[in-house]
Each structure stands twice: as structure tokens, then as C-alpha cells.
Amino acid sequence: MVAENLLSSSTKNSPSPSPKFNNPFTTRIFSDVAGDITIVVDGESFLLHKFPLVARSGKIRKMVADAKDSNISRLELLSLPGGAPTFELAMKFCYGMNFEITAANVASLRCAAEYLEMSEDYREENLIERTEIFLNQVVVQSLEKSVEVLSTCETLPSIAEEVGIPSRCVEAIAMNACKEQLVSGLSQLDCDGESAELKSGCLEWWIEDLTVLRIDYYQRVICALGHVGIRPASIVGSLMHYAQVSLKGIGKCHIWNPARMKPNHGMVENDQSTIVETLVGLMCNEKSSPIPLSFLFGMLRMAIMVEANIACRLELERRIAFQLETVSLDDLLIPSVRTGDSLFDVDTIHRILVNFLQRIEDEENEDCGYESEGIGSPSHASLLNVGRLTDAYLAEIAPDPYLSLQKFIALIDILPDYARVVDDGLYRAIDVYLKAHPTLTEEECKKLCKFIDCQKLSQEACNHSAQNDRLPVQMVVRVLYFEQLRLKNTMSGSSGDGLFSQRMSSGVPSAAMSPRDNYASLRRENRELKLEISRMRVRLSELEKEQLFMKQGMMDKSGNGKTFFTSLSRGIGRIGIFSSPSGGKQQKTGRKSRGSEGKKEPYMN
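If you're wondering where the values come from, they're calculated on a predicted model, not measured in any experiment. (Residues numbered from 1 in each chain as written. Predicted model: local features only at pLDDT ≥ 70, side-chain atom pairs only at ≥ 80, totals over all residues. Heavy atoms only, no water.)

1. Digging into the overall build of the chain
Then, number 1: Summing up its helical and strand segments, the chain has 27 helices and 4 strands in all.
Then, number 2: Burial status across the chain gives 47% buried among its 605 residues.
Then, number 3: Considering only contacts within the chain whose residues lie at least 6 apart along the sequence, 74% involve residues at least 24 apart.
Then, number 4: Total accessible area on the chain stands at roughly 31,500 Å², and carbon and sulfur atoms take up 54% of it. (Helix = DSSP H or I, 4+ residues; strand = E, 2+ residues; numbered from the N terminus. Buried < 20%, exposed > 50% of the residue type's maximum accessible area, 1.4 Å probe, protein only. Contact = heavy atoms within 4.5 Å. Areas by Shrake-Rupley, 256 points an atom, 1.4 Å probe, with all protein chains shown as cover.)

Shown next, in the form of C-alpha cells:
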């Protein structure tokens, strides 16, 4: 406060500055003495006196000296920073009248002083020096005042950059935020007994202050914060808060109406697409500070809505793919904004899956050892999780009548075979798609159903498919054939269909192969073995359930032979593949009745 008081002009008992000028009449700064010059600023006229003006302002002195008429009584100042209100304060300074320099007017005063050439060359302790003292002793020492001054620079011309006000404010914000981080770190050591929620609520209070900045100034501040060592988590928190404040109006639009989601093209300074693109460019490295998936998906939806550039969307998709195994199904249901297209943005999800598979391949190539190829390896577990997630997504979008067969197949085919241990989820998604698209031809149905591996279907799915009239006849025949083999192996006590031992014997690398090809072959065989073991576990789980079912039947009525055989027949009936619900054999007659009301409902897990 002492510094602020010293920066006021020395004249006492002077009137306070008037508000903004809305009257068309001439303004008199010093009404007791008749003025001899009129200066016009933005259409506002000021009746003033030459002597106090030329004594402090080099620009006005030159304008008066260069005038052809020595008795000139009217001058006009064009594009004066801050306009008429700032000029009034500058003139009061020339007259020695008292007014207060504040964070709200110091930037415009400093620029106006530069424009009017009110430097020490014309008078000591001129307006440039007074505003500089305030900037150095008051503004840069406070984070709040630095943000306030920086925000006022948005309405000033390029002269603000020439005198370096924004640069000094940005640097001051970064340094003060760094000090706050050190202080907050020390305070956490003193309050170890408090909850983590209470601690986090007291940290980074300056994040709220930064939301008033224009996006270009905000970008400069975030870059400066990163250079001085602010925690990446704090920067991510600031990005999330800024996005929530500056883009909240978009979220109120109806997500299924593309016309309502278009940004207001009249907005220049706060263009939403520029905000989204800038915030994405400011995101930290995901390894140093993982960004929440909810924020990434929210920004991706915003980028699609405001039509951000392709690079912005691809970066968001890449970051999402880095954490895809932890994504929920609701996150993937991104609405499409293109008219006449499917209801969901399938192309975006396809690109995310491509990025995910590339990430898995890169991780496997980085680790050349065999330990990562184990059953419980992180990459294999992530792939299985994404496989289940993709099947659930396929089932969710399958009822969309506008979803083309090509896009649906592209999502199915992108994942490798070893990403699915059981094909029940894929079978359910295809069954739903067949029901929602009854106009598919027989060839299209065959093309779609060939992606289902009948050996990877559970007992329940096999029973459902054997009675499903929506499936092609060839698909049903394959299901019945493999079910018969499985039943035969189960009854004979065999552990599998011979494929497991066959693949074991085929895993010996050839001596003629290069070491790189040998390793690739072994890794591929390893994947097949892991998949086979996972299938065996699923089969074992089914047999245990059947055994438990039969034991329960025996315990219900102990000693009753009829009950035992009844429960046993029920258990075998669940394994049987030819029995229909009515007890007789069901004969396939083609696909003529597909889509009718009496058909089997889509398979539900």
C-alpha cells in the first residue's frame, strides 16, 4: 500500500476521476481558467491548456511545434491506448491532480504514456516512470495482480507487447505460482494428520484465477509454468478447469442435433475450436502425469463438435489408446455429427483401436525377452480387456439401422484372434446386428458370421445358436459339428480335440529360419498356447458347473434313484447339441423366416 500511495500525483484536495465519458459535450479538466487547446480522443473533446501538456508530453509538444498555424487550437489523437478514460487520467497527471494507479488501469496508463512520450526526457518523475514503479513494486510481486494486469492487455494494441507488459506478467505469474507450490509442499508436511481431500482442496488456488485470461495469454502462462517446474498434475488440473469454464456452453447443446453444435462464428477472441486445439497442445506427457480419461473423451467430443483440426483429434485418440484397457463402454459411445451417417462415431473408435494395437506391438518389440509373453503379461491382459470392451461396443451399436456392414466388419476384424478367449460377446453382437438388419443377403450374413469361431463359444451360446434362425445354415452346421466333437471328448475323458498337442509339436522352429523369424514364430506359437490354455480353463469351469448341478440334484432327495437319474438327464441334456426345447430334432429350412416375431431373441450373456 505504501508503494501505491507514493505513485499518486502530489496535488491534494483534488476531485476524484470521473467515470467513462458518455456525454457529447466538451470535458474541462481545469474549469477555473479558460482553455486554449482542444484535444479529441475517440470522438471525445477535452478543453485543455498547452503549457502543462507540452511540459510532460513529447508527442503533443511535437504536434504543436509542427503545426503550420502557430495558434493551433485543436488536435486529434488517433488510436490512443485505453481511449478517452485513460487520456483523462494522463491529463490529470499533467495537471498534477490526484488519482490512484491500480492494477486495472496501470497497463493502459503505461501504454498511453508511451504513446504520448511522457518520459524522463521531458520531465522528471513522468508518467512512464510512475507506472513502471507500480508494475515492478506492486504487480509483479502478486500473482493475482499480475493476472489482472495481463487480462487488461487483451484490449490494448501491440504497444503493450513493445513495452513488455504481458511478458513481465507471465513471468511473474509463473514465479509466484512456483513459490506457492513450495509453500504448499511445506504446509503438507506440517499437516500429515489431515485428509488427502482437504490437502488437495487447499492447493493451487491460482487455477481459478487463470480462467479469466484469453486463450493466447493462457497458453503463454502454462508454458511458463512448465518451464519453472510446476507439477504436471497442477497443470493438468488447470487445463481441465479452463476447459470446463470456457467450453461449458457447448455441452448444453443437444448431442444429436449437429446444427446446434456449431460454434458461434462471430466469436473471434474466444473461438471454441482454437481453445480446444490450444488446450490439447498444452497437455503434459502422459507418462509424467496421466490425464483422466473422462477429460480426454470430453475434449474429443468437443473437438468433433467444434470441428477442430485433424491433428488435434488424432492426438486425443492417441492419448485415449494409451489407456484404452481402462475405458468404460459409455465413454466409447461418441455420437456422430454427420447427417445421414450412423448414430455413433464408429470411425473414431476404429482409429483408437488401431493406435492401441500399435502401442501393444511397440511394447512387445521393446521387450525382447520371453518373460513378457507369459499368460499374465500386461500386454496380453490389456488386449483381452480391450477385446471384451470391443465386443460390448459392437453389441451396443449393432441395433443402429444406419450402421453399414463394412464399418461393423471393420471393427470386428481389427482385433487379432488371440484378443478373444471366448466368442460369446462377438456372437451376441452379430446376432443383434442380424436382427436389426433383416434385409442383409445370404452372402452378407455368411461374410459376417465367418468371424465367429465355433470352438470358442460357450455351451450356452452353442445352444442358442443351434436354434437361431437368423444364422446361415453353414454357421449352424459348424456349431453342431464342434459341439458333437466336444461332447465326444467330454464323454471319453479327453482333455481337448487334439489341437493343443498338435500346436505343441508345431512350435519347434526351423533351423533354416533366421533368428528374428525364429523369435517371431515362437512368439506367435506362445500366443496360440496361451489362448488354448485359456480355452481349456473356460471348458473346465463349465464342467465344474455341470458337476455341481448334478451333485445338487443328488442332495435334494438322498436315496431316491428317480431323482438322481432325472438330474443326470438334465445335466446331459444341457450338454446335448441336437435336442430342441420340445425334445425333438430341429430341422433348418434356410433364412426365409429370419426377422419374424416368433424367432429366437438375440443372445444375451
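Structure's up, so let's keep going.
2. Points about the pairing of strand E3 (residues 44-48)
Then, number 1: Taken across its 5 residues, E3 has 5 buried, putting it largely inside the fold.
Then, number 2: Residue alternation in E3 divides its side chains into two sets, Glu-44, Phe-46 and Leu-48 and Ser-45 and Leu-47, and both sets are buried.
Then, number 3: Summarising the sheet, strand E2 (residues 37-41) and E3 pair through 5 bridges and their orientation is antiparallel. Bridged to Ile-37 within E3 is Leu-48. (Pairing = 2+ DSSP bridges.)

3. Side note on the packing of helix H21 (residues 424-436) against helix H23 (residues 459-466)
Packed helices, taken two at a time, are described by their axes: the angle between them and the distance between them.
Then, number 1: As a packed pair, H21 and H23 sit with axes 10 Å apart at the nearest point and diverge in direction by 25 degrees. The orientation of H21 relative to H23 falls into the category roughly parallel. For the pair H21 and H23, the crossing hand works out as left-handed. Across the interface between the two elements, Asp-424, Tyr-427 and Asp-431 from H21 touch Ala-461, His-464 and Ser-465 from H23.
Then, number 2: Grouping the constituent residues of the contact of H21 with H23 by class yields 2 nonpolar, 2 polar and 2 charged. (Axes fitted to C-alpha atoms, helices over the stretch in contact; angles between N-to-C directions. Parallel < 35°, antiparallel > 145°, perpendicular 65-115°, else oblique. Left-handed = near helix turned anticlockwise from the far one by under 90°. Nonpolar A, V, L, I, M, F, W, Y, C, P; charged D, E, K, R; others polar.)

4. With respect to the pattern of salt bridges
Then, number 1: Enumeration over the complete set of coordinates arrives at 18 salt bridges.
Then, number 2: When the shortest N-O distance is used, the salt bridge between Arg-110 and Glu-132 registers 2.6 Å. Taken together, the residues Arg-110 in helix H5 (residues 106-116) and Glu-132 in helix H6 (residues 127-139) connect sequence positions 22 residues apart. Of the two residues examined, Arg-110 and Glu-132, each falls in the buried class. (Salt bridge = Lys/Arg side-chain N within 4 Å of Asp/Glu carboxyl O.)

5. Comments concerning the nonpolar core
Then, number 1: Ranked by size, the top nonpolar core spans 148 residues in total, and within it Ile-39, Phe-87, Tyr-218, Val-276, Met-299 and Phe-408 carry the most contacts.
Then, number 2: It is helix H15 (residues 293-305) that provides the largest number of residues to this core, a total of 9 residues.
Then, number 3: The contacts of Met-299, once residues within four sequence positions are left out, are Ala-243, Leu-247, Val-276, Leu-279, Val-280, Met-283 and Leu-316. (Core = buried A, V, L, I, M, F, W, Y, C linked by side-chain atoms within 4.5 Å.)

6. Remarks on the side chain of Ser-119
Then, number 1: Considering the arrangement of structural elements, one finds Ser-119 in the loop between H5 and H6.
Then, number 2: Given the relative accessible area of 17%, Ser-119 is considered buried.
Then, number 3: Excluding anything up to four places from it in sequence, Ser-119 contacts Asn-126 and Ile-128.

7. Focus: the environment of Pro-166
Then, number 1: Structurally, Pro-166 is set in helix H9 (residues 165-190).
Then, number 2: Judged by its relative accessible area of 0%, Pro-166 falls in the buried class.
Then, number 3: Spatially, the C-alpha atom of Pro-166 lies 5.7 Å from that of Leu-150, the residues being 16 residues apart in sequence.
Then, number 4: If we skip the residues at most four places from it in the chain, Pro-166 touches Leu-150, Cys-153, Ala-160, Glu-161, Tyr-217 and Arg-220.

8. A short note on the environment of Ile-39
Then, number 1: Position of Ile-39 among the secondary structure elements: in strand E2.
Then, number 2: Spatially, the C-alpha atom of Ile-39 lies 8.4 Å from that of Ser-73, the residues being 34 residues apart in sequence.
Then, number 3: Among residues more than four places away in sequence, those in contact with Ile-39 are Glu-44, Ser-45, Phe-46, Leu-48, Leu-53, Ile-60, Leu-75, Leu-77 and Phe-87.

9. Regarding unusual backbone geometry
Then, number 1: Positive phi is not limited to glycine here, since Ser-79 has a value of about 55 degrees.
Then, number 2: Positionally, Ser-79 belongs in the loop between strand E4 (74-77) and helix H4 (83-95).

10. Remarks on the confidence of the model for the chain
Regions with low pLDDT should not have their predicted coordinates read in detail.
Then, number 1: Of all residues in the chain, 65% attain a pLDDT of 70 or more, and the chain-wide mean is 76.
Then, number 2: In this model, residues 252-270 is a region of pLDDT below 50 whose contacts with residues beyond four sequence positions or in other chains number 25 contacts.
Then, number 3: Considering only residues more than four positions removed or in separate chains, one finds that residues 369-376, a stretch of pLDDT under 50, has 16 contacts. (pLDDT = per-residue confidence, 0-100.)

11. Topic: the packing of helix H20 (residues 405-413) against helix H22 (residues 442-449)
Then, number 1: Direction vectors running N to C along H20 and H22 enclose 15 degrees, while the axes themselves pass 10 Å from each other. With respect to each other, H20 and H22 are oriented roughly parallel. The chirality of how H20 crosses H22 is left-handed. Contacts between H20 and H22 involve Leu-405, Phe-408, Ile-409 and Ile-412 from the first element and Glu-444, Lys-447 and Leu-448 from the second.
Then, number 2: Within the contact of H20 with H22, the residues separate by chemical class into 5 nonpolar, no polar and 2 charged.

12. What to know about a negative patch on the surface
Then, number 1: On the surface, Glu-120, Asp-121, Glu-124 and Glu-129 cluster together into a negatively charged patch.
Then, number 2: For Glu-120, the position within the fold is in the loop between H5 and H6.
Then, number 3: On the basis of relative accessible area, Glu-120 is assigned to the partly exposed category, the value being 36%. (Patch = residues over 30% accessible without salt bridge, like charges linked within 9 Å, V, L, I, M, F, W, Y side chains within 5 Å. Lys, Arg positive; Asp, Glu negative; His and termini not counted. Charge placed at Lys NZ, Arg CZ, Asp CG, Glu CD.)

13. Digging into the packing of aromatic side chains
Then, number 1: All told, the structure shown has 3 aromatic pairs when counted by the stated rule.
Then, number 2: Seen from the ring of Tyr-217, Arg-214 lies directly overhead, with NZ or CZ sitting 5.1 Å from the centre.
Then, number 3: It is Lys-450 that lies over the ring of Phe-451; its NZ or CZ is 5.6 Å from the centre. (Phe/Tyr/Trp six-rings, centres within 6.5 Å; stacked < 30°, edge-to-face > 60°. Lys NZ or Arg CZ within 6 Å of the ring centre and 35° of its normal.)

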